[in-house]
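These are the residues of each chain, in order.
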Amino acid sequence: MDLFDYMRSATQERESPLASRMRPKTLDEVVGQRHIIGKDKLLYRAIQADQLGSLIFYGPPGTGKTTLAKVIANTTSADFRQLNATVAGKKDMEEVVKAAKDSLGMYGRKTILFVDEIHRFNKGQQDYLLPYVEDGTLILIGATTENPFFEVNGALLSRSRIFELKSLEKEDVKELIYRAIADEQRGLGGYRAVIDDEAADFLADVAGGDARAALNAVELGVLTTSRSIEDGKIHITLEVAQECIQKRVVHYDKNGDNHYDTISAFIKSMRGSDPDAAIYYLARMLYAGEDIKFIARRIMICASEDVGNADPQALLVAVGAAQAIERVGMPEAQIILAQAVAYVATAPKSNSAVCAINEAMEAIRDQQAMPVPVHLQDSHYKGANALGKGIGYLYAHDYPNHYVKQQYLPDGMEGRVFYRPSEMGYEKQISEHMCFLKEKG
């Protein structure tokens, strides 16, 4: 490192955001994640013993993935290199691999490569690293907010140990806030700032487990608040805190786990006839900016899949809501969606249609498709009668109750039942009506 690099590094460290400056340098400074870095846990022991294999850190933003990598960098005797997958290319990886080979060959020293946002690497880039991870040239540490089982190559996963980081608890975030306010070396201690307990409590709560969001708000508050005339200190009150973090942090990546987990909970709540939970998850998606057309599609599917003929109106309500939101738009569309969600959630439930089509599809897959019975075949074209098509068909409306018993399924499938109406809602009437017709027929 030359003088200019040193000066640039020193300036960057001094001027970097509070959340970056306050990154723990040792394991003992790390807050939260006791389930993986408690003193009796494998990862803690491996870091302390400097005996790491390849790792994948997976979890929401602000939970300490990069922090743990930095801690490892400070404790390991191996060379430590870092790449950010959003900007790194093949040339960068080739340089790291060359340096790792040189270090291993000349000094017998391993190289740890930390790849931040590893899910951003495409398959080819991930495949490039594989042989060097496999032969020990590189120890890979990847960090990702996406589910690694979806976004990281299976071959890399099989050679790595996956650690899932959880959102920090409220008390963990509060501890970080107080630490940042008091720290004179890396934090805001030099500003003579104090934070009210209720302000710290509020910031820790609205940060939603994201330490970075909380610390960014604290820093903004300290840098923009005037000193008190009485004691010369900067006071971070609840009012100041509310100004510094205008909106509750909602982790909701539309292509990631939060998206799928939330929509799953939304559908299951409607299916489970819990309108309160369903509307809560609706609000959560709307607040995070989810596409209202996507939400409407899920309501329509639920109306058919989980309500079905127990209340045929549910699908009409859902379809009507889907059409209405496209004409109205937000914010009023949220009212329309809430109405549809409430209707579907409180409607009687039946999945008889799902079972029926699944069984029918299974029958098609498992046995050869038999010919349509001759009397049901089309008889409207010239020469059809000569082939016997349509002969013997009984027109239902010519009979009492507009019903006549005849064979509709192909030969060999007579008596096969696919649709079994439930005893819920309108389907009970359907069931009774079908029994009546068969008795009379």
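You'll find the structure just up there.
The sections below set out a description of the structure shown in this document. This structure is a prediction, so every number in the text was calculated from the model and none was measured.

Here we look at the sheet that holds strand β1 (residues 55-58)
Right, on to step 1. Read across the open sheet, the 5 strands follow the order β2-β3-β4-β1-β5; overall the sheet is parallel. The sheet is open, and its two edges are formed by β2 (79-84) and β5 (161-164), each paired on a single side. The mean angle between the axes of side-by-side strands here comes to 15 degrees, regardless of whether they run parallel or antiparallel.
Right, on to step 2. Pairing of β1 with β5, which is carried by 4 bridges, proceeds in the parallel orientation. Paired with Tyr 58 across the two strands is Glu 164, which belongs to β5.
Right, on to step 3. Sheet strands touched by helix α6 (residues 90-107): β2, β3 (111-116) and β4 (138-144). Its angle to β2, the strand with the most contacts, is close to 175 degrees.

Topic: a nonpolar patch on the surface
Right, on to step 1. A contiguous nonpolar surface patch, about 340 Å² in accessible area, is contributed by Tyr 393, Tyr 395 and Tyr 408.
Right, on to step 2. Among the structural elements, Tyr 408 can be located in the loop between α19 (352-366) and α20 (425-440).
Right, on to step 3. Tyr 408 gets classed as partly exposed once you look at its relative accessible area, which sits at 42%.

So, the environment of Ala 143
Right, on to step 1. By the secondary structure assignment, Ala 143 is in strand β4.
Right, on to step 2. Separated by 43 residues in sequence, Ala 143 and Ala 100 place their C-alpha atoms 20 Å apart.
Right, on to step 3. Sequence-distant contacts of Ala 143, defined by excluding residues within four places in its chain, comprise Phe 57, Lys 65, Phe 114, Val 115, Asp 116, Glu 117 and Ile 118.

Focus: the side chain of Thr 144
Right, on to step 1. Here Thr 144 shows up in strand β4.
Right, on to step 2. At 2.8 Å, the side chain of Thr 144 and the side chain of His 119 are in polar contact.
Right, on to step 3. Apart from the residues lying within four places of it in its own chain, the contact partners of Thr 144 are Ile 56, Phe 57, Tyr 58, Gly 59, Lys 65, Ile 118 and His 119.

Quick notes on the packing of aromatic side chains
Right, on to step 1. For the structure on display, the rule yields 3 aromatic pairs.
Right, on to step 2. Residues Phe 57 and Phe 163 carry aromatic rings whose centres are separated by 6.4 Å and whose planes lie at 50 degrees to one another, so their mutual orientation is tilted. Residue Phe 57 is found in strand β1, and its partner Phe 163 is found in strand β5; the two are separated by 106 residues along the sequence.
Right, on to step 3. A relative accessible area of 10% places Phe 163 in the buried class.

Comments concerning helix α11 (residues 197-206)
Right, on to step 1. Buried residues of α11: Ala 199, Ala 200, Leu 203, Ala 204 and Val 206, and no others.
Right, on to step 2. The inward-facing, buried residues of α11 contact α10 (170-182), β6 (193-195), α12 (211-224), β7 (234-236) and α13 (238-244).
Right, on to step 3. Just downstream of α11 lies Gly 208, where phi reads positive at about 60 degrees.

As for the nonpolar core
Right, on to step 1. Membership of the largest hydrophobic core comes to 32 residues, with the highest contact counts inside it found for Ile 177, Ile 195, Leu 203, Val 218 and Val 222.
Right, on to step 2. At the level of secondary structure, the elements contributing two or more residues to this core comprise α2 (18-21), α10, β6, α11, α12, β7 and α13.
Right, on to step 3. Apart from residues lying up to four places away in sequence, Ile 195 is in contact with Ile 177, Tyr 178, Ile 181, Ala 200, Leu 203 and Ile 236.
Right, on to step 4. Grouped together as the second largest cluster of nonpolar side chains are 29 residues, Leu 282, Val 307, Val 341 and Val 344 included.

Section: the side chain of Ser 431
Right, on to step 1. Residue placement: Ser 431 occurs in helix α20.
Right, on to step 2. Not counting residues within four places of it along the chain, the set of residues in contact with Ser 431 comprises Pro 421, Ser 422 and Glu 423.

A closer look at the packing of α10 against α12
Right, on to step 1. Close contact between α10 and α12 brings their axes to 10 Å; oriented N to C, the two are set at 35 degrees. In the packing of α10 onto α12, the handedness of the crossing is right-handed. Where α10 abuts α12, its residues Val 173, Leu 176, Ile 177, Ala 180 and Ile 181 lie against Ala 211, Ala 214, Leu 215, Val 218 and Val 222.
Right, on to step 2. Counted by class, the contact of α10 with α12 contains 10 nonpolar, no polar and no charged residues.

What counts, and at which threshold
- Residues numbered from 1 in each chain as written.
- Predicted model: local features only at pLDDT ≥ 70, side-chain atom pairs only at ≥ 80, totals over all residues.
- Heavy atoms only, no water.
- Pairing = 2+ DSSP bridges.
- Helix = DSSP H or I, 4+ residues; strand = E, 2+ residues; numbered from the N terminus.
- Axes fitted to C-alpha atoms, helices over the stretch in contact; angles between N-to-C directions.
- Contact = heavy atoms within 4.5 Å.
- Patch = residues over 30% accessible without salt bridge, like charges linked within 9 Å, V, L, I, M, F, W, Y side chains within 5 Å.
- Areas by Shrake-Rupley, 256 points an atom, 1.4 Å probe, with all protein chains shown as cover.
- Salt bridge = Lys/Arg side-chain N within 4 Å of Asp/Glu carboxyl O.
- Buried < 20%, exposed > 50% of the residue type's maximum accessible area, 1.4 Å probe, protein only.
- Polar contact = N/O pair within 3.5 Å; in protein donor to acceptor, adjacent residues only side chain to side chain.
- Phe/Tyr/Trp six-rings, centres within 6.5 Å; stacked < 30°, edge-to-face > 60°.
- Core = buried A, V, L, I, M, F, W, Y, C linked by side-chain atoms within 4.5 Å.
- Left-handed = near helix turned anticlockwise from the far one by under 90°.
- Nonpolar A, V, L, I, M, F, W, Y, C, P; charged D, E, K, R; others polar.

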